[in-house]
Amino acid sequence: MEAGGLLDSFIYGACVVFTLGMFSAGLSDLRHMRMTRSVDNVQFLPFLTTEVNNLGWLSYGALKGDGILIVVNAVGAALQTLYILAYLHYCPRKRVVLLQTATLLGVLLLGYGYFWLLVPDPEGRLQQLGLFCSVFTISMYLSPLADLAKVIQTKSTQCLSYPLTIATLLTSASWCLYGFQLRDPYIMVSNFPGIITSFIRFWLFWKYPQEQDRNYRLLQT
């Protein structure tokens, strides 16, 4: 196999493995919900926003004919649906959760109606859908910035996950390379903030290590 083909295969494999690894991280939350029969310490919105993100990129992949995007986001959407259904089953406040779900799905359906009915040109539809997916993905990567500010304020990284930070970096870098290879700015640009925020988290882990967290909490008490 030529070097270029080997590199392509490596990038494709990295995108699939790292991304599915990130999506499967919710399995620990699923196991927690089943064991405790509650949703304590489990956040719902990440499941819902990731579901919308998966469905958006799935549509983009289908319109573009990109098998990697289709497979990864189809599996991701199925997993997020499983997490959402489990959360609904164990959540005592189902009305609030259903309202949030209906709102985001309603926005998604309106978006589908716009792209498929009001944008007849396939190329224009692809570009506008790519722009929507990019903006949504970037907003997801930037949403934890509030947590980073909390880390600096409390001098504690307890609310951050080191394995998830590594997974985010590897996944974002893989998709950036994939987008660069395809010359697709929507894929490439949307994942670049994930690399930046991951390095910021690594810096916070270095600046506020776990041992320092324990000492800081002792001083606070």
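So, a few notes on the structure that sits alongside this text.

Basis of the calculations
Residues numbered from 1 in each chain as written. Predicted model: local features only at pLDDT ≥ 70, side-chain atom pairs only at ≥ 80, totals over all residues. Heavy atoms only, no water. Patch = residues over 30% accessible without salt bridge, like charges linked within 9 Å, V, L, I, M, F, W, Y side chains within 5 Å. Areas by Shrake-Rupley, 256 points an atom, 1.4 Å probe, with all protein chains shown as cover. Salt bridge = Lys/Arg side-chain N within 4 Å of Asp/Glu carboxyl O. Helix = DSSP H or I, 4+ residues; strand = E, 2+ residues; numbered from the N terminus. Buried < 20%, exposed > 50% of the residue type's maximum accessible area, 1.4 Å probe, protein only. Contact = heavy atoms within 4.5 Å. Polar contact = N/O pair within 3.5 Å; in protein donor to acceptor, adjacent residues only side chain to side chain.

Remarks on a nonpolar patch on the surface
- Together, V17, F18, Y162, I166 and L170 line one region of the surface with nonpolar side chains, adding up to about 420 Å² of accessible area.
- Considering every element that reaches the nonpolar patch, the biggest residue donor is helix α8 (residues 162-182), with three residues.
- Inspection of the secondary structure puts F18 in helix α1 (residues 3-23).

Considerations on the environment of S134
- Structurally, S134 can be placed in helix α6 (residues 122-142).
- When its relative accessible area of 6% is taken as the criterion, S134 is described as buried.
- For the pair S134 and Y83, spaced 51 residues apart in sequence, the C-alpha to C-alpha distance is 24 Å.
- The contact partners of S134, leaving out residues within four places of it in the chain, are W57, Y186 and S190.
- At 2.9 Å, the side chain of S134 forms a polar contact with the backbone oxygen of Y186.

A look at the environment of T168
- Take T168: it is sitting in helix α8.
- Looking at T168, the relative accessible area reads 9%, which means it is buried.
- Along the chain, T168 and G106 lie 62 residues apart, while their C-alpha atoms are 28 Å from each other.
- Sequence-distant contacts of T168, defined by excluding residues within four places in its chain, comprise M22, Y141, G194 and S198.

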